[in-house]
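As a plain string of letters, each chain reads:
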Amino acid sequence: MGIAIRVSDVTKIYQRYSHRKQFRTLKSALLGGNLLAELRPDERFEALNDITFNVREGTTFAIIGRNGSGKSTLLKCIAGISKPSAGTVVVKGRISALIELGAGFHPEITGRENIFINGIMLGLSEKEIHDRFDDIVDFAELEEFIDAPVKTYSSGMYMRLGFAVAIHVDPDVLLIDEVLAVGDEAFVHKCLDKIAEFRRRGKTIILVTHSLGLVEKMADEALWIDNSRVQLRGDPKKVVDAYLARVTHHEEKALVAEEEKAVTEFESPKSATEHEEQESEIEPSSAFARKKGRWGSREVEVQEVTLHGADGSARHIFTTGEPVTVRLKVKSTGTIHDFVFGVAIFNADGMCCYGTNTHLEQFTPVKFSGEGEVRFVIPNLRLVEGTYFLDVAAHQRDGYPFDYHRALHQFRVQSKIKDVGIYRPAHRWEFSSNIVLKPPKSTS
Amino acid sequence: MFKNLLTLFRYRVLIQSLVERELKARYRGSVLGFLWSFINPLLQLAIYWFVFSYIMPTRGSMGMSPYALFLFTGILPWTWFSSSVMESSAILISSGNLIKKILFPAEVLPIVIVLSNLVHFFLGLPILFAFLIYYGKVQATLVYLPAIIVLQLFLTLGICFFVSALAVHFRDVQNIIGNFMMLWFFASPVIYSYLTIAPSIQRYLNYNPMTHILVGYQQTLFTGEMGHWPWLLVMIPASLITFLVGYYFFDRLRETFAEEV
């Protein structure tokens, strides 16, 4: 098998112009007689730094990385849309890039006319388009609307038509940039089937995506780019795991910062007896999000809340099924005989997944003085993937609050399995012998 | 650069279908549709005729009579020229999607503009001919008309390449171009005759390539004598050079388009 794409030492420098330029425009450039000099940038941004890799013919190659890591720039360099500042890209055969679907559509003319023009833009001859026209319309499921102007299409119809034209160019090399994120479930499946068909026919595919499951499922090889450089390249599973580890690391840092901010914000009680809730805004996206707050008399103070994994280290990111311990460092101002400790877990929508306290579980308080630690041990974290908020509290049995932390602490749960809901009961699947399923490759 | 120029030929189907799309899209949804291509020049002619016959009557001296017809002879090619230049100042920016998202030969865009305006020019010609016949002004010099159209085509293409590429880097171009074209209009013999201009001013008008193109139209279509032919000979290399320089400029900046638009 030969090499379909050869990327050698590719560097791409984006040239940015400083603010000064906005004032020194055409007039000054002409008056100064240095028009071409004015076109030179004074700030540079390296989008790709010395990227080298080959893609073998007939393989599927995935590129992953955070937003802004240079994935799309790399794809554009391979497609020939932008030219690398240094290095070379050699592509064997006809190339079709699904970077933005329907980029060349004109809203005023019909779908039929747009198919022709878009096809020609993508390098088809008129005859080839004629031959494939019915397939394209069929694939896009637009028979009824093909003679309506494209401006009357819904965005889904628009994308479908764009995808249908691009895929029917029948390229040797197909570049796909996250375009599968659009469209309904059924159409995405259809696209994936089409891509799978491409693979079977021995075409080369480069896939840029955030869907790591897709990478593990479809790719023969993966490349991880971060900070404009190749971080790792090789077996998709290995690359995805390395990438996830880095993402987790970043998220962990972000959660720590978030929590520090929340706790210090509500650190000082306004006055010992004031039941006032202090309010702050959190993620405006979740309309149901509960207000963060902290209140109470502080006769018992919850000084520190940490979550620990099986190895005892404090973390904010856990995997479904892991053992987790919530540790509360508490301090009492005197000797207290009426006290309750409580913990509750809320999901990002503000729905209570679980809440309990020592009183509900019928512990009878006897006495507490000085400093101590309360541990809430969860042997098996049965939560689905998502962000969760933790409420912790110390109060009297009648509800009089000592120290109440509402939604000040958050943690993330990761899961390879994208199950849904708010709770994952322990379960397994069983099938009678005439129902045959292949079990998942590796369950974690 | 010349290799790129040759590939232009390969894009002829693309250019052709884009011109068709442009023409189709322009009138889609309007009641009169394609008729507008005829009505607009007619209306234009009517306005000029009204203004110069009733509001400020001009004696059509020195071979400008009838004046409305003389005007029309100049306005048709001028409209082709100025619409092309003005539209091309915005074309790369408004077609940013094509340049950024698919592998698309950017030079096709200004070409499509010039050619679709050429089609409008051609649609105006029958009206002009109808009036020429009506006034009994059909001249034998008509045979030179295609040559002048070709000269204007290359000149316009060159200027449009330059303007469209420049506008990507200096958005100011889009703002100034309207007034600039108005100045250019008055600096070209459309509403007045080249021959009636004092020689001291004529000297400056000679630097304006559109002067010679327009005089060419007026002489082939209207007056029927080709006294301006030496200048038109000069315009052959001048148009070609404008075209090549414009294309060269465009080609040099080509790689910056995907990042700047």
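## Notes on the overall build of chain B
Move 1: When its secondary structure is counted, chain B shows 11 helices and 0 strands.
Move 2: Shown N-terminal to C-terminal, the secondary structure of chain B runs as helices and strands in the order α-α-α-α-α-α-α-α-α-α-α.
Move 3: The C-alpha extent of chain B, read off along each of the three principal axes, is 55 × 45 × 35 Å.
Move 4: Counting all 261 residues of chain B, 53% fall into the buried class.
Move 5: For chain B, restricting intrachain contacts to residue pairs at least 6 apart in sequence, the fraction spanning at least 24 positions comes to 80%.

## What to know about the interface of chain B and chain A
Move 1: Contacts between chain B and chain A engage 26 residues on the former and 30 residues on the latter.
Move 2: With both chains or domains summed, chain B and chain A bury close to 2800 Å², and 65% of this area falls on carbon and sulfur atoms.
Move 3: It is B:R21, B:K101 and B:F170 that lose the most area in chain B upon contact with chain A, and together they represent 23% of the buried surface on that side.
Move 4: For the interface between chain B and chain A, the tally reads 2 salt bridges.
Move 5: Elements supplying a minimum of two residues to the side of chain B that touches chain A: helix 2 (12-27), helix 5 (96-101), helix 7 (145-169), helix 8 (172-186) and helix 11 (229-260) of chain B.
Move 6: Within the side of chain B that touches chain A, the residues separate by chemical class into 14 nonpolar, 3 polar and 9 charged.

## Considerations on the packing of aromatic side chains
Move 1: All chains considered together, the criterion is met by 34 aromatic pairs over all chains.
Move 2: Ring centres 4.9 Å apart and planes at 5° place the aromatic pair A:F53 and A:F61 in the stacked group. Across the pair, A:F61 and A:F53 agree in class, each one buried.
Move 3: Clustering of aromatic rings is evident, with ring pairs tying together B:W78, B:F81, B:F180, B:W184, B:F185 and B:F186.
Move 4: The ring of A:F198 has A:R201 sitting right over it, with the charged end atom 5.5 Å from the ring centre.
Move 5: The ring of B:Y204 has B:R203 lying over it, and the distance from NZ or CZ to the ring centre is 5.3 Å.

## What about the pairing of strand 8 (residues 221-226) of chain A?
All names here are of chain A.
Move 1: Within strand 8, 6 of the 6 residues are buried, which leaves the element mostly enclosed by the surrounding structure.
Move 2: Taking every second residue as pointing to the same face, both faces of strand 8 are buried, with E221, L223 and I225 on one and A222, W224 and D226 on the other.
Move 3: Note: strand 8 against strand 9 (residues 229-234), 5 bridges, orientation antiparallel. Bridge pairing in strand 9 places A222 opposite G234.
Move 4: Hairpin connection from strand 8 to strand 9: 2 residues lie between these consecutive antiparallel strands, with N227 at a positive phi of about 50°.

## Considerations on the environment of A:S211
All names here are of chain A.
Move 1: When you line up the elements, S211 lands in the loop between strand 7 (204-208) and helix 9 (212-218).
Move 2: The partly exposed category is assigned to S211, whose relative accessible area is 33%.
Move 3: Put simply, S211 and I64 are 147 residues apart on the chain and 8.7 Å apart in space, counted from C-alpha to C-alpha.

## Comments concerning the nonpolar core
Move 1: Judged by nonpolar contacts, the single largest core of 125 residues is most densely connected at A:I115, B:W78, B:L92, B:F104, B:Y217 and B:F257.
Move 2: Setting aside anything within four residues of it in sequence, one finds B:Y217 in contact with B:T73, B:P77, B:W80, B:F121, B:L145, B:I148, B:I149, B:Q152 and B:F222.
Move 3: Formed by 27 residues, the second largest nonpolar core is a distinct cluster that contains A:V324, A:I345, A:F368 and A:V392.

## So, the confidence of the model for chain B
All names here are of chain B.
Move 1: Model confidence for chain B is summarised by a mean pLDDT of 87, while 97% of its residues fall at 70 or above.
Move 2: Within chain B, the lowest mean pLDDT, 74, falls on helix 1 (residues 2-10), and the highest, 95, falls on helix 7.
Move 3: The ipTM value of the predicted complex is 0.76, and its pTM value is 0.71.

## Topic: unusual backbone geometry
All names here are of chain A.
Move 1: If you check the backbone angles, E141 has positive phi at about 55° while not being a glycine.
Move 2: Phi is positive for D170, which is not a glycine, with a value near 55°.
Move 3: By the secondary structure assignment, D170 is in the loop between helix 7 (155-167) and strand 6 (173-177).
Move 4: For D170, a relative accessible area of 28% gives the class partly exposed.

## Describing the packing of helix 5 (residues 111-121) of chain A against helix 2 of chain B
Move 1: Packing of helix 5 of chain A against helix 2 of chain B leaves a shortest axis separation of 9 Å and a crossing angle of 150°. Classified by the angle between their axes, helix 5 of chain A and helix 2 of chain B sit roughly antiparallel to one another. Helix 2 of chain B is crossed by helix 5 of chain A, and the crossing has left-handed handedness. Facing A:E113, A:I117, A:I120 and A:M121 of helix 5 of chain A, the residues of helix 2 of chain B in contact are B:V13, B:L14, B:S17, B:L18, B:R21 and B:K24.
Move 2: Counted by class, the contact of helix 5 of chain A with helix 2 of chain B contains 6 nonpolar, 1 polar and 3 charged residues.

## A word on the pattern of salt bridges
Residues and elements named next belong to chain A.
Move 1: Counted according to the given criterion, the structure contains 32 salt bridges over all chains.
Move 2: Between D172 and K203 there is a salt bridge, with the nearest N and O atoms lying 3.9 Å from each other. With D172 in the loop between helix 7 and strand 6 and K203 in the loop between helix 8 (185-200) and strand 7, the pair connects residues that are 31 residues apart, well separated along the chain.
Move 3: Put simply, K418 and E385 hold a salt bridge, and the shortest N to O gap is 3.1 Å. Of this pair, K418 sits in the segment after strand 18 (401-414) while E385 is found in the loop between strand 16 (368-378) and strand 17 (386-395), placing the two residues 33 residues apart along the sequence.
Move 4: Through salt bridges with shared partners, one network takes in D170, D172, K194, E197, R201 and K203.

## A closer look at the sheet that holds strand 13 (residues 324-336) of chain A
All names here are of chain A.
Move 1: Spatial ordering of the open sheet is given by 11-13-16, a layout of 3 strands whose pairing is antiparallel. Both edges of this open sheet fall to strand 11 (300-308) and strand 16, since each of them pairs with a single strand only. Neighbour-to-neighbour, the strand axes of this sheet turn through a mean angle of 15°, independent of strand direction.

## Description of the sheet that holds strand 3 (residues 60-64) of chain A
All names here are of chain A.
Move 1: Pairing within the open sheet is mixed, and its 6 strands lie in the order 5-6-7-3-8-9. Every other strand in the sheet has two partners, leaving strand 5 (95-98) and strand 9 as the edge strands with one partner each. Ignoring strand direction, the axes of neighbouring strands in this sheet form an average angle of 15°.
Move 2: Relative to strand 6, strand 5 runs parallel, the two being bridged by 4 bridges. Each bridged residue has a counterpart across the sheet, and for I95 the counterpart in strand 6 is V173.
Move 3: Taken strand by strand, helix 10 (residues 236-265) contacts strand 3, strand 8 and strand 9, and its axis lies near 25° from that of strand 8.

## Here's the deal with the side chain of B:T73
Residues and elements named next belong to chain B.
Move 1: Within the fold, T73 resides in helix 4 (residues 67-94).
Move 2: Exposure remark for T73: the relative accessible area of 1% places this residue in the buried category.
Move 3: If we ignore the near neighbours within four places in the chain, the residues touching T73 are L128, Y217, Q218, L221 and F222.

## Re the environment of B:V108
Residues and elements named next belong to chain B.
Move 1: Along the chain, the position of V108 falls in helix 6 (residues 108-134).
Move 2: V108 sits 90 residues away from L18 along the chain, and the two C-alpha atoms are 8.8 Å apart.
Move 3: In contact with V108, not counting residues within four places along its chain, are Y11, L14, I15 and L18.

Conventions adopted
- Residues numbered from 1 in each chain as written.
- Chains lettered and ligands numbered in written order.
- Predicted model: local features only at pLDDT ≥ 70, side-chain atom pairs only at ≥ 80, totals over all residues.
- Heavy atoms only, no water.
- Helix = DSSP H or I, 4+ residues; strand = E, 2+ residues; numbered from the N terminus.
- Buried < 20%, exposed > 50% of the residue type's maximum accessible area, 1.4 Å probe, protein only.
- Contact = heavy atoms within 4.5 Å.
- Buried area = accessible area lost by both parts, 1.4 Å probe.
- Salt bridge = Lys/Arg side-chain N within 4 Å of Asp/Glu carboxyl O.
- Nonpolar A, V, L, I, M, F, W, Y, C, P; charged D, E, K, R; others polar.
- Phe/Tyr/Trp six-rings, centres within 6.5 Å; stacked < 30°, edge-to-face > 60°.
- Lys NZ or Arg CZ within 6 Å of the ring centre and 35° of its normal.
- Pairing = 2+ DSSP bridges.
- Core = buried A, V, L, I, M, F, W, Y, C linked by side-chain atoms within 4.5 Å.
- pLDDT = per-residue confidence, 0-100.
- Axes fitted to C-alpha atoms, helices over the stretch in contact; angles between N-to-C directions.
- Parallel < 35°, antiparallel > 145°, perpendicular 65-115°, else oblique.
- Left-handed = near helix turned anticlockwise from the far one by under 90°.

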